[in-house]
Amino acid sequence: MKLNKQDILKSLELITVPGEGQNMVAAGAVKNIQIFGDEVEVDLIINNPSLQARKKTEVEILKIIHQEVYAKAKIKVNIKVEAPAKPKTNEIKGKPLPGIQNIIAVASGKGGVGKSTVTANLAVTLAKMGFKVGLLDADIYGPSMPIMFDVANEKPLAVNVDGKSKMKPLESYGVKLLSMGFFTQPNQAVIWRGPMAAKALNQMIFDAAWGEIDFMLIDLPPGTGDIHLSIMQAMPVTGAVVVSTPQEIALADARKGVAMFQQDSINVPVLGIVENMAYFTPAELPDNKYYIFGKEGAKNLSEDIKVPFLGEIPLVQSIREAGDVGRPAALQTATPIEAAFEELTKNVVQEVVKRNDKLPPTEAIKITTMAGCSSVKK
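**Some remarks on the sheet that holds strand 5 (residues 133–137)**
Link 1 in the chain: Spatially, the eight strands line up as an open sheet ordered 8-9-5-10-4-11-12-13, and their pairing is mixed. Two strands lie at the open edges of the sheet, namely strand 8 (170–172) and strand 13 (309–315), each paired on one side alone. Adjacent strand axes in the sheet meet at a mean angle of 25° when their direction is disregarded.
Link 2 in the chain: Sheet topology places strand 5 next to strand 9 (residues 175–179); five bridges connect them, and they run parallel. Bridge assignment links Gly134 to a residue of strand 9, and that residue is Lys176.
Link 3 in the chain: Where helix 10 (residues 336–358) meets the sheet, its contacts fall on strand 4 (100–108), strand 10 (213–219), strand 11 (239–244), strand 12 (270–280) and strand 13, and the angle it forms with strand 13 comes to roughly 160°.

Next comes the structure, spelled out in C-alpha cells:
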C-alpha cells in the first residue's frame, strides 16, 4: 500500500492535543510528516511537558495510523515540548487592604542616604496636594517617623471597627502614621528575629483602622532583607521608589535595591530613583552648586538601568533641622526646598498613574523558609 500525507493528517484529526481541547492538526501541533515507503515520521510540538502526556500522545498516534491508514506502517514520533511562557498576571492574592488605593515602598540600598527624610517630605507634599495619605514606618530597628512628625511622645488609641478593636493611626500634618517607635521607649533597642518583626508589621498593617487612603507610603529599612520580603508578602505593593546619593558606594547598593524589586519572583514595578543630597548651595552664594558626593550619579544610574529619574533634592541644612524638630521641610512655603519636593511628588504621582494604566495589580508574594534561607514565589 502506498502511504500519503493527506490520509495521515486526516487520521491525526481524530486525536486531541493534551490540554488544548482541539485536534492536533487544527491546533498546529503537527509540524511535519515524512513518508519513506511504509515508514512514517511525524514531528509534533505540544505544550504539556509531562512524560505521561508525551507517552500517551505517541501511543495514540501509532494506534490511529495503524487503524485508519495502514496496519503495518512503521511509525516514528518525534515530540518536542514547548511550554508556553507563564504570563505575569499579578492579580492580588494576598490580603488586599480595603480602602487603600496605592501602596508605595520607599527603599534604599544603604543607610544614611536620607530615605526616611524623603519619605516624610513626600508624604506631607501629597497631603498638601489634597490626597489622603498614610505612612507606615517599617524600619523596625531604627524608627524615625515619630520624631520627624513631632509625635514621639504620643501613643495610638484603640477604636472599635465593625465590632473589632483596632489601632487608630496618629495624624500629623494631614498624614496618618504608625511606627514601632510608638510602642518602645526612646532608649530601648528592638532586638527581634525576623518572625517577631514580621508579626509586629502585620499588626500595624492589618490591625489598624487606616480608613480611606489614596497613597500609603512604606518607609523600609536600608538594604534588601527579611523586612522587605515580609512587607511584600503581607501587602500588594503598587510600586517602589529607591533613594540614593550620587556617590558610587551608594549607587552600587541602590542598583541592588532596584534589582530586588525587579526579580521575577517579586516583580514590584520600580517607579523611579530619587537623588538626595544632589548638590550643596551656600546661602551666601545662591548661584553656586557644589557636588560634594558626585554629580548626577543617581540620574546616570536611572538611565543606565532604564528606570525613571524622579528628581533631585539638594543638601540643605534646613532639611535636616526641620526633620529634627518634627516639621518636614516641604511644609515651608515659597522655598526652593518646597519646590524640589513638589517636583519629586508630581513625578511620583505621574509614574503611579502610568503604572496603573499599563500594568495589572501587583501580587503579594508568598515566602517559604527552608534550611535557614528564604525562597520567594508567587
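Next comes the rest of the description.
**Side note on the sheet that holds strand 2 (residues 39–46)**
Link 1 in the chain: With mixed pairing, three strands are arranged side by side in an open sheet as 1-2-3. A single partner strand is all that each edge strand has here, and the edge strands are strand 1 (30–36) and strand 3 (74–81). Averaged over all pairs of adjacent strands, the angle between their axes in this sheet comes to 15°, without regard to strand direction.
Link 2 in the chain: Relative to strand 3, strand 2 runs parallel, the two sharing eight bridges. Pairing of Glu41 across the sheet is with Lys76, part of strand 3.
Link 3 in the chain: Sheet strands touched by helix 1 (residues 5–12): strand 1 and strand 2. Its angle to strand 1, the strand with the most contacts, is close to 135°.
Link 4 in the chain: Relative to the sheet, helix 2 (residues 51–68) contacts strand 2 and strand 3, its axis offset from that of strand 3 by approximately 150°.

**Structural notes on the packing of helix 7 (residues 248–262) against helix 8 (residues 297–305)**
Link 1 in the chain: For the pair helix 7 and helix 8, the least separation of the axes is 11 Å and the interaxial angle reads 40°. Where helix 7 crosses over helix 8, the handedness of that crossing is right-handed. Residue-level inspection shows Leu251, Ala254, Arg255 and Val258 of helix 7 in contact with helix 8, the latter providing Gly297, Ala298, Leu301, Asp304 and Ile305.
Link 2 in the chain: Grouping the amino acids of the contact of helix 7 with helix 8 by side-chain chemistry returns six nonpolar, one polar and two charged.

Calculation criteria
- Residues numbered from 1 in each chain as written.
- Predicted model: local features only at pLDDT ≥ 70, side-chain atom pairs only at ≥ 80, totals over all residues.
- Heavy atoms only, no water.
- Pairing = 2+ DSSP bridges.
- Helix = DSSP H or I, 4+ residues; strand = E, 2+ residues; numbered from the N terminus.
- Axes fitted to C-alpha atoms, helices over the stretch in contact; angles between N-to-C directions.
- Contact = heavy atoms within 4.5 Å.
- Left-handed = near helix turned anticlockwise from the far one by under 90°.
- Nonpolar A, V, L, I, M, F, W, Y, C, P; charged D, E, K, R; others polar.

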